[in-house]
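What follows is each chain in one-letter form.
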Amino acid sequence: MNEIHTTPFLFLFLAMLLLSTLIRLYLSHRQISHVSQHRSKVPGSFEENISLQEHQKAADYTVTKVRFGRLPLFYEVFLLLIWTLGGGLEWLNNNILAYDLGAIPTGIAVILVFTFISSLLDLPFSIYSTFVIEEKFGFNRTTVKTFITDIIKGSLLGLIIGVPLLYVILWLMEQAGDQWWIYTWLVISGFSLFMMWIYPTWIAPLFNKFEPLEEGETLERITSLLSRCGFNSKGVFVIDGSKRSSHGNAYFSGFGRNKRIVFFDTLLKMLNNDELEAVLAHELGHFKKKHIIKGMLISFSTTLAALALLAWLMKAEWFYTALGVSQMSTYMALLLFTLVVPVFTFIFQPLFSIFSRKNEFEADAFAAEQTDAKYLINALVDMYRENASTLTPDPLYSAFFDSHPPAPVRIAHLTAQE
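Residue indices begin from 1 for each chain and proceed along its sequence in written order. With the structure being a predicted model, the display of local features is reserved for residues of pLDDT at least 70 and the display and counting of side-chain atom pairs for 80 or more, all residues being used for whole-chain, interface and lining totals. Hydrogens and water molecules were not included; the side-chain quantities draw on all heavy atoms of the structure.

A. Summary view of the overall build of the protein chain. For the protein chain, the count of helices and strands is 16 helices and 4 strands. Rg of the C-alpha trace for the protein chain: 24 Å, near the compact-globule value of 22 Å for 418 residues, within the 12% margin. Note on exposure labels: buried denotes an accessible area under 20% of the residue type's maximum, exposed denotes more than 50%, and partly exposed covers the range between, all computed with a 1.4 Å probe on protein chains only. Split into buried and exposed, the 418 residues of the protein chain put 46% on the buried side. Contact definition: two residues touch when any of their heavy atoms are within 4.5 Å. Considering only contacts within the protein chain whose residues lie at least 6 apart along the sequence, 76% involve residues at least 24 apart. For every accessible area listed, the method is Shrake-Rupley and the probe measures 1.4 Å; residues are considered covered only by the protein chains on display. Surface accessibility of the protein chain: about 21,300 Å² in total, with carbon and sulfur atoms responsible for 64%. His is not counted here, nor are the chain ends, while Lys and Arg score as positive and Asp and Glu score as negative. Where a charge lies is defined by one atom per residue type: Lys uses NZ, Arg uses CZ, Asp uses CG and Glu uses CD. Of the side chains in the protein chain, 32 bear a positive and 36 a negative charge, and the two mean positions are spaced by 2 Å. Strands are runs of DSSP state E lasting at least 2 residues, helices are runs of H or I lasting at least 4, and numbering of each runs from the N terminus. Our radius of gyration looks at C-alpha atoms and nothing else; its globule reference is 2.2 Å times the residue count to the power 0.38.

B. Expanded view of the side chain of aspartate 265. Within the secondary structure, aspartate 265 sits in helix α8 (residues 265–270). The term salt bridge refers to a pairing of a side-chain nitrogen on Lys or Arg with a carboxyl oxygen on Asp or Glu at a separation within 4 Å. Here aspartate 265 is buried and forms no salt bridge, its nearest opposite-charge partner lysine 269 lying at an N-O distance of 5.4 Å. Other than its neighbours up to four places away in sequence, aspartate 265 contacts Val238, Ile239, Asp240, Gly241 and Ser242.

C. Seen up close, the packing of aromatic side chains. Aromatic rings from Phe, Tyr and Trp, with only the six-membered ring used for Trp, were paired whenever their centres fell within 6.5 Å, and each pair was classed as stacked if the ring planes differed by under 30 degrees, edge-to-face if by over 60, and tilted otherwise. Counting across every chain of the model gives 18 aromatic pairs. Ring plane angle 25° and centroid distance 5.3 Å describe the contact between phenylalanine 346 and phenylalanine 400, whose orientation is recorded as stacked. Of this pair, phenylalanine 346 sits in the loop between α12 (330–345) and α13 (349–370) while phenylalanine 400 sits in helix α15 (residues 395–401); the two residues are 54 residues apart in sequence, bridging distant segments of the chain. Of the two residues, phenylalanine 346 and phenylalanine 400, neither departs from the other in class, the shared state being buried. Cluster of aromatic residues (ring-pair linked, three or more members): Phe9, Trp312, Trp318, Phe319, Tyr320 and Phe344.

D. Seen up close, the pairing of strand β3 (residues 250–253). Taking every second residue as pointing to the same face, both faces of β3 are buried, with Ala250 and Phe252 on one and Tyr251 and Ser253 on the other. The sheet contact formed by β3 and strand β4 (residues 260–264) spans 4 bridges and is antiparallel. Its bridge partner being in β4, phenylalanine 252 is matched across the sheet by isoleucine 261. A pair of strands is considered paired only if DSSP assigns at least 2 bridges between the two.

E. Structural detail: the sheet that holds strand β1 (residues 210–212). Pairing in this open sheet of 4 strands is mixed, and the strands run β1-β2-β4-β3 from one edge to the other. With one partner strand each, in any of the chains shown, β1 and β3 form the two edges of the open sheet. Pairs of neighbouring strands in the sheet enclose a mean axial angle of 35°, with direction left out of account. Note that β1 and strand β2 (residues 236–239) share 3 bridges and pair antiparallel. Axis lines are fitted through C-alpha atoms, for helices just across the contact stretch, and the angle between N-to-C directions can take any value from 0 to 180 degrees.

F. Representation of the environment of lysine 374. Tracing the backbone through its elements, the reader meets lysine 374 in helix α14 (residues 373–386). Classification of lysine 374 as partly exposed rests on a relative accessible area of 36%. Each C-alpha atom, one on lysine 374 and one on glutamine 417, is 9.0 Å from the other, the two residues being 43 residues apart in sequence.

G. Broad picture of the packing of helix α10 (residues 291–313) against α13. At their nearest, the axes of α10 and α13 sit 11 Å apart, and the two run at 170° to each other. One finds that α10 runs roughly antiparallel with respect to α13. Across the interface between the two elements, His291, Lys294, Gly295 and Ile298 from α10 touch Phe352, Phe355, Asn359, Glu362 and Ala363 from α13. For this classification, under 35 degrees means roughly parallel, over 145 means roughly antiparallel, 65 to 115 means roughly perpendicular, and everything else is oblique.

H. Local environment of a positive patch on the surface. A cluster of basic residues, Lys145, Lys153, Lys209 and Lys243, forms a positive patch on the protein surface. As for its placement among the helices and strands, lysine 209 is situated in the loop between α6 (180–203) and β1. Exposure remark for lysine 209: the relative accessible area of 59% places this residue in the exposed category. Only residues whose relative accessible area exceeds 30% and that form no salt bridge enter a patch; like-charged residues are grouped when within 9 Å of one another, and nonpolar side chains (Val, Leu, Ile, Met, Phe, Trp, Tyr) when within 5 Å.

I. Structural context of a nonpolar patch on the surface. Together, Leu19, Ile298, Ile347, Phe348, Leu351, Phe352 and Ile354 make up an exposed nonpolar region whose accessible area comes to about 640 Å². The leading source of residues in the nonpolar patch is α13, at 3 residues. Under the relative-accessibility criterion, leucine 19 is labelled partly exposed at 37%.

J. Up close: the side chain of glutamate 275. Tracing the sequence through the fold places glutamate 275 in helix α9 (residues 273–288). There is no salt bridge for the buried glutamate 275, and the closest opposite charge comes from arginine 385, which lies 7.2 Å off by N-O distance. If sequence neighbours within four positions are ignored, glutamate 275 has contacts with Met270, Tyr375, Asn378, Ala379 and Asp382.

K. Examining α14 more closely. Taking 1.5 Å of rise per residue, 14 residues should cover 20 Å, and α14 covers 20 Å from first to last C-alpha, within 8% of that figure. Counted residue by residue, α14 has 10 buried out of 14 residues, so it is predominantly covered. Structurally, α14 contributes buried residues whose contacts are with α2 (52–83), α8, α9, α13 and α16 (407–415). Looking one or two places after α14, you find alanine 388, whose phi comes out positive at around 55°. Expected span of a helix, by definition, is 1.5 Å for each gap between consecutive residues, and there is one gap fewer than residues.

Shown next as structure tokens:
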């Protein structure tokens with residue numbers, strides 16, 4: 001049985017875990033109540049475009065997902081306590097240490113086995129979400145074969161890419177001295193940029209088919225918009241999103257000159273050319289307003305701060321013993337840090353939502369300048385309807401979990417710009 005040291009950090013960890021769990025439960029209760037209370041009537045600004053039946057489907061879909069989300073929440077808390085205070089990581093570490101592999105190979109083995117076990121334990125929730133909830137509401141298009149193939153491909157890709165990176169990080173933590181966290185930050189930042197650059201052409205095609213958008217009016221209008229906005233890309237592609245879901249979307253991928261514009265095939269069927277152009281103009285707004293670069297800078301800054309904090313914690317014996325681990329090591333510090341940081345950072349999620357929503361409003365405003373705002377409004381309404389997105393989220397719940405403004409707020413902003 002592992003020995004738990006009752007340090008101030010232990011009490012802080014348990015207090016924050018309890019607080020974050022209670023907040024999540026409270027927010028889920030608010031969301032379910034708020035959406036249910038507004039289920040019987042379509043909001044006034046949407047009455048002409050969304051039927052009561054469609055509105056109620058979105059409400060039921062939202063409530064079902066939020067209610068189901070409580071189960072994995074309790075499960076995650078339980079597993080976190082088992083891995084830490086329950087001695088799970090201590091047991092795993094002791095068993096792998098017995099093979100005498102050396103510090104870095106042992107660290108890699110511990111983290112890989114932990115990741116494998118965690119993924120296996122999370123699998124039932126993923127299966128239920130895909131084949132029960134998504135199926136019930138008519139969104140699932142994933143076959144069992146595709147589901148299994150995605151898991152295998154993702155796991156192999158994770159090993160091929162993740163193990164070398166993990167080796168470098170652990171080596172720096174072991175050998176680079178007190179400034180290891182700066183070198184590690186440089187490696188992680190460079191790796192992130194590299195992955196963004198190769199993702200469109202090397203990684204994404206492993207999971208989906210990408211076909212160039214066919215010649216015609218749609219491509220001509222998109223090309224004209226790109227030219228007006230000064231955006232250079234490696235092409236406009238259509239992804240077979242319908243292979244897995246009927247949800248529609250569009251996005252940019254890549255970095256530098258290796259950028260791609262991608263439309264889901266489901267979105268092309270959902271929107272007309274005016275609406276597609278407006279959606280693309282919104283995405284271009286993120287590019288023109290430098291939201292991607294700003295987001296990267298924030299991500300790199302928070303990563304640097306996190307690594308600096310880890311560099312301090314990994315030298316503190318109380319950090320390990322308070323979390324059920326008796327032996328100090330670089331890899332265990334990294335693993336423990338990854339596990340407990342979300343407990344402490346959850347309460348700051350609204351700050352990131354504020355930043356994200358500001359970006360969305362700016363991108364919407366840019367789209368309204370490049371096209372008629374009514375076309376983006378129509379496109380958003382179509383996507384809300386087809387994706388069964390609730391039109392009446394609870395404001396507080398939305399502040400924590402939604403990166404985009406609530407539907408009524410966003411439509412009101414755009415309507416003012418018509």
